[in-house]
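Results of the structural survey
Given next are the chains, with one letter for each unit.
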Amino acid sequence: MKNIRNFCIIAHIDHGKSTLADRLLDFTGSVTEREKKEQLLDSMDLERERGITIKSHAIQMEYIYEGEKYILNLIDTPGHVDFSYEVSRSIAACEGALLVVDAAQSIQAQTISNLYLALENDLEIIPVLNKVDLPSANPEEVTDDIVDLLGCKPEEVIPASAKTGIGIEEILKAIIERVPAPNGNVDEPLQALVFDSVYNPFRGVETYFRVINGQISKGQKIKFVATGKHYYADEVGTLKLTQVPKPAIKAGDVGYLITGIKDAREVKVGDTITDADNPTKNPIEGFEDVKPMVFAGIYPVDTEDFEELRSSMEKLQLNDASLVFAPESSAALGFGFRCGFLGMLHMEIIQERLEREFDMTVITTVPNVSYQAFTKKNPDTPITVNNPSDLPDPSTLDRVEEPYIKATVITKADYVGNVMSLCIEKRGQITNQTYLTTERVELNFDMPLAEIVFDFYDRLKTVSRGYASFDYAPIGMRVSKLVRVDILLNSQMVDALSALIHADNAANIGKKMCEKLKELIPRQQFDIPIQAAIGAKIISRETIKALRKDVTAKCYGGDISRKRKLLEKQKKGKKRMRQVGNVEIPQQAFMAVLKLND
Ligand SMILES: Nc1nc2c(ncn2[C@@H]2O[C@H](COP(=O)(O)OP(=O)(O)OP(=O)(O)O)[C@@H](O)[C@H]2O)c(=O)[nH]1
């Protein structure tokens, strides 16, 4: 065990975590030439395309140092806030962390939040100053920033370039010298932490774990503590670029497990695996079920595809346990599903996977957060509202609560004013302001989660000219003055367009919604009034003027095949449109609320 090192890489998004991981694999000869693809660890197509790490993965390297062989287990972590719970579990499986900081961008919001997570888990931190090859790099200044943040010595910061290979050997040495070896006991009952799981259509769910105490052997009868379910370990092994089966994985080491589980929901990240007959008395603490933060309706474009959509979603859920969904129906859209996501990025990914992997064309409604409503009759029993149209009649309501978050923004001093006004506009309350250096400021504020779902990221980027980074963590529910704003098209309410909005902003947002919908809904053969209403009260109105043009008019009644072609073209253009009453609504219109400031 003394020659094992378990470490992870933590960084703000795009600071070079995955590139550095690739270099480490190269340097230790863990990949053959043929396997050398860019960003090896990001194996999902979508990950590669977006250049982000969605699921964390682990990989084992071997390195000879001063004549001794060391096993280095690298646990890669996702960088986006949507997946922060996975980051925290991966961190818990390690003894050390490389803290990667971009030499041009210095410390950013997620550098700090991930660092705190690592410190909470008592990890040894090795600061790496990455991208020193960039002409815009500022190594001295950024080293000072890191020294200030960590309270370490400047010589402990390793200058590196994951691109050119500078500093890679020093990093490997530092891992061996500075990160402590794991200290479990092989003779105790099995206690292993699940830090990730991956769905494999042929082999079922592959569980990635770190053995804290005891050992896990092929054929052993094991138990997952959170679910209480028993299985046999059909196969265990270590994770190289491919899986290498082994008779057993012992305390201190990282490995994979295959049990034939077919449903990702049965394996929960953060759960403890133990021996079924000789269970550990100390399951690993801090297990949490991941809760969805953002909800939206997903509907098939063609109502007939409902069953097909259901089966696609079920399959998707098998390999993404954080996706939750329940059937719902909408007067406007028919039958579909209310789905819960970890965040906006997760939602986009699901929508895209539905289209790519299952060839489903879907309509997604405006995302919203999960509210709790309390009626006057039962002021102590919360009613969960995941869909604005489920909000009880306002006259019966005692109060509505919405989720709040603690937000951290790091920006340049010049933009503090702008960022603060944006936060206030988004109903935030500043709780703290710290100058990290004379130029860089950390702002903390409490803010409703719903405001982030809307255009917060984009606005933050604009008001800070890109010099702001952002991170957040939920802090619970708070009472809010919320009203439901409904949209009527041609006097008919479109439930999928309803939104819960703070009373003070309702009139303004209602007006903007009407204007935006007027832009987005194509003109049709008749006038279409668009109205925003709170209850029976109309708060805004716009009209889409009738269109007289006939697409086939150009054809002078002549060539029928040309006419058909045009009609065919028009039909294609109609894809992703929904007929509501006699009005056709394009997909963008359902997301209009998100783009009110464009
Ligand atoms: N010049 C230079 N570019 C680098 C270096 N390391 C990474 N990059 C580039 O920086 C970008 C982001 O790198 P990634 O490795 O994808 O960053 P990441 O932190 O893994 O990002 P996420 O996985 O999305 O969290 C890529 O375009 C890399 O090519 C470096 O040392 N020098």
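Basis of the calculations
- Residues numbered from 1 in each chain as written.
- Predicted model: local features only at pLDDT ≥ 70, side-chain atom pairs only at ≥ 80, totals over all residues.
- Helix = DSSP H or I, 4+ residues; strand = E, 2+ residues; numbered from the N terminus.
- Buried ≥ 20, exposed ≤ 12 C-beta atoms within 10 Å, placed from the backbone.
- Contact = placed C-beta atoms within 7 Å.
- Pairing = 2+ DSSP bridges.
- Axes fitted to C-alpha atoms, helices over the stretch in contact; angles between N-to-C directions.
- UniProt positions renumbered as here; feature names shortened; annotations may be inferred.
- Parallel < 35°, antiparallel > 145°, perpendicular 65-115°, else oblique.
- Left-handed = near helix turned anticlockwise from the far one by under 90°.
- Nonpolar A, V, L, I, M, F, W, Y, C, P; charged D, E, K, R; others polar.
- Core = buried A, V, L, I, M, F, W, Y, C linked by C-beta atoms within 7 Å.

What about the overall build of the protein chain?
When helices and strands are counted, the protein chain shows 14 helices and 33 strands. Among the 598 residues that make up the protein chain, the fraction classed as buried is 44%. Looking at the protein chain alone, contacts between residues at least 24 apart form 69% of all its contacts between residues at least 6 apart.

Regarding the sheet that holds strand β4 (residues 96–102)
Here 6 strands make up an open sheet; going across it, the order is β2-β3-β1-β4-β5-β6 and the pairing mixed. With partners counted over all chains shown, the strands left at the sheet margins are β2 (58–65) and β6 (158–159), one partner each. Sheet analysis places β2 next to strand β3 (residues 68–75), joined by 8 bridges and oriented antiparallel. Bridge pairing in β3 links Tyr63 to Tyr70. Sheet strands in contact with helix α1 (residues 17–27) are β1 (4–11), β2, β3, β4 and β5 (124–130), and its direction is about 150° off that of β1. Across the sheet, helix α5 (residues 139–150) is in contact with β4, β5 and β6; its angle to β5 comes to roughly 165°.

Observations concerning the UniProt feature "binding site: GTP" (unreviewed entry) in the protein chain
On the UniProt side, "binding site: GTP" (unreviewed entry) is annotated at positions that read Asp14, His15, Gly16, Lys17, Ser18, Thr19, Asn130, Lys131, Val132 and Asp133 here. Here Lys17 is to be found in helix α1. Classification of Lys17 by C-beta neighbours within 10 Å gives buried; the count is 25. For Asn130, the position within the fold is in strand β5.

With respect to the packing of helix α9 (residues 416–425) against helix α11 (residues 456–463)
Interhelical geometry of α9 versus α11 gives an angle of 155° and a closest axis separation of 9 Å. In terms of their interaxial angle, α9 and α11 are classed as roughly antiparallel. Regarding α9 and α11, the two cross each other, and that crossing is right-handed. Across from Asn418, Val419 and Leu422 in α9, the residues of α11 making contact are Arg459, Leu460 and Val463. When its residues are assigned to classes, the contact of α9 with α11 shows 4 nonpolar, 1 polar and 1 charged.

Points about the nonpolar core
Of all hydrophobic cores here, the largest spans 157 residues; its most connected members are Ala97, Leu99, Leu129 and Ile216. In this structure Ala97 touches Phe7, Cys8, Ile10, Ile91, Ala118, Leu123 and Ile125, once residues within four positions along its chain are discounted.

Thoughts on unusual backbone geometry
Even without a glycine there, the phi angle at Asp122 is positive, about 55°. Position of Asp122 relative to the elements: it lies in the loop between α4 (109–120) and β5. Within the chain, Asn490 stands out as a residue other than glycine whose phi angle is a positive 55°. Mapped onto the secondary structure, Asn490 falls in the loop between β27 (482–489) and β28 (492–493). Looking at Asn490, the number of C-beta atoms within 10 Å reads 17, which means it is partly exposed.

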